[in-house]
Amino acid sequence: MTTTSARPGTGVARERARRAEIPAKTLRTDRWWLPPLVTVIGLTTWLAYAVTRTFIHKWYFVEEYNWLTPFYSPCVTDRCPPEAAHFGTWLPSAWFLPEAAFSLPFLLLFRLTCYYYRKAYYRSFWLSPPACAVPDGHRTYGGETRFPLIFQNAHRYAFYAAVVISLINTYDAAVAMSSPEGFGFGLGNVILWVNVIMLWAYTLSCHSCRHIIGGRLKHFSRHPVRYRLWTGVSRLNTRHMELAWITLGTLALTDFYIMAVAAGWFGDLRFVN
Ligand code: FES
């Protein structure tokens, strides 16, 4: 991201001096405000749901089928039933501690510093700027080269944590293929696997992942395997925005389905056992 503060003598200041003074804030007549508005509504709704679910501390595990919602994985507090605590219960059960206190901070960091989400919340929440050819809501823009936004550069490290957490989610989906009779499979398992596949697609489509796989190479011809991987990741990368939204949807749907079955609102549609 570039720094464009309007210090005297900088390109931005010179550019402003050359521009015609137009009293209207913008000459755009289309509904440029719609995408930022939809983003604010979408992200706020999702956050409200996620925070509520995280601190409810119940209806997160279906013992009969070994289903654990991704919002509570890995389950590491004293409250977790032994069947759900595959990684130990080494945290006390205080109300303010989420069951997934180990993974949630990293997931939050991964999403908050994601290149797509940055663009989304800079434009919609901070109006910086809200759309092309619409003035910035702020007088200056300091960029991401100084405090506090310099911490956005932690994204590449959050990526490694997200890979580990995606592996844990994959493990959860695998151990969830069970029933009181042994092996079992139902609609809930389809939802869990779709969520895991989408999470991998989002994680691997990350710009940092693309750089890790194909960056710092002078000749792709000497690294054919990395070139093929980079080509695949680049293809996924073009869908990063869609995957960012799809995974918010699959996460919420997976959690809601498991909550509904755990609370007894309805039963699972079983295909096998
Ligand atoms: S850029 Fe979005 S997850 Fe890395």
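First, a word on scope: everything that follows refers to the structure included in this document. (Residues numbered from 1 in each chain as written. Predicted model: local features only at pLDDT ≥ 70, side-chain atom pairs only at ≥ 80, totals over all residues. Heavy atoms only, no water.)

1. Some words on the packing of helix α6 (residues 187-204) against helix α9 (residues 240-263)
Interhelical geometry of α6 versus α9 gives an angle of 155 degrees and a closest axis separation of 9 Å. The angle between α6 and α9 places the two elements in the roughly antiparallel class. Between α6 and α9 the crossing geometry is left-handed. Contact with α6, carried on its side by Leu 187, Gly 188, Ile 191, Leu 192, Val 194, Asn 195, Met 198, Leu 199, Ala 201 and Tyr 202, involves His 240, Leu 243, Ala 244, Ile 246, Thr 247, Thr 250, Leu 251, Leu 253, Thr 254, Tyr 257 and Ile 258 of α9 and no other residues of that element. (Axes fitted to C-alpha atoms, helices over the stretch in contact; angles between N-to-C directions. Helix = DSSP H or I, 4+ residues; strand = E, 2+ residues; numbered from the N terminus. Parallel < 35°, antiparallel > 145°, perpendicular 65-115°, else oblique. Left-handed = near helix turned anticlockwise from the far one by under 90°. Contact = heavy atoms within 4.5 Å.)

2. Some remarks on the packing of aromatic side chains
All told, the structure shown has 24 aromatic pairs when counted by the stated rule. Centre to centre, the rings of Trp 46 and Phe 71 are 5.9 Å apart; their planes meet at 75 degrees, and the pair counts as edge-to-face. Here Phe 71 lies in the loop between β2 (67-68) and α3 (104-112) and Trp 46 lies in helix α2 (residues 34-54), a separation of 25 residues in the sequence. Measuring from centroid to centroid gives 6.1 Å for Phe 256 and Trp 265, while their planes differ by 50 degrees, and the two rings are tilted. Its relative accessible area of 38% is what places Phe 256 among the partly exposed residues. A relative accessible area of 46% places Trp 265 in the partly exposed class. By way of ring pairs, the aromatic residues Tyr 65, Trp 67, Tyr 257 and Phe 266 are connected into one cluster. The ring of Tyr 202 is capped by Arg 111, whose NZ or CZ atom sits 4.2 Å from the centre of that ring. For the cation-ring pair, Arg 270 lies above Tyr 65, with the distance from its terminal atom to the ring centre recorded as 3.8 Å. (Phe/Tyr/Trp six-rings, centres within 6.5 Å; stacked < 30°, edge-to-face > 60°. Buried < 20%, exposed > 50% of the residue type's maximum accessible area, 1.4 Å probe, protein only. Lys NZ or Arg CZ within 6 Å of the ring centre and 35° of its normal.)

3. Notes on a nonpolar patch on the surface
Taken together, the side chains of Phe 183, Leu 187, Val 190, Val 194, Leu 269, Phe 271 and Val 272 present a nonpolar region at the surface, about 580 Å² in accessible area. For the nonpolar patch, the elements supplying multiple residues, two or more each, are α6 and β6 (270-272). Tallying contributions element by element places α6 first for the nonpolar patch, with three residues. Its place among the elements puts Val 272 in strand β6. Note on Val 272: relative accessible area 35%, which makes it partly exposed. (Patch = residues over 30% accessible without salt bridge, like charges linked within 9 Å, V, L, I, M, F, W, Y side chains within 5 Å. Areas by Shrake-Rupley, 256 points an atom, 1.4 Å probe, with all protein chains shown as cover. Salt bridge = Lys/Arg side-chain N within 4 Å of Asp/Glu carboxyl O.)

4. Quick look at the side chain of Asp 268
Looking at the element boundaries, Asp 268 is found in the loop between α9 and β6. Polar contacts involving the side chain of Asp 268 include one to the side chain of Tyr 257, which spans 2.6 Å. Within polar-contact distance, the side chain of Asp 268 engages the side chain of Arg 270 at 2.7 Å. Once you skip the residues sitting within four places of it in the chain, Asp 268 turns out to touch Tyr 65, Trp 67, Gly 186, Leu 187, Gly 188, Tyr 257 and Val 261. (Polar contact = N/O pair within 3.5 Å; in protein donor to acceptor, adjacent residues only side chain to side chain.)

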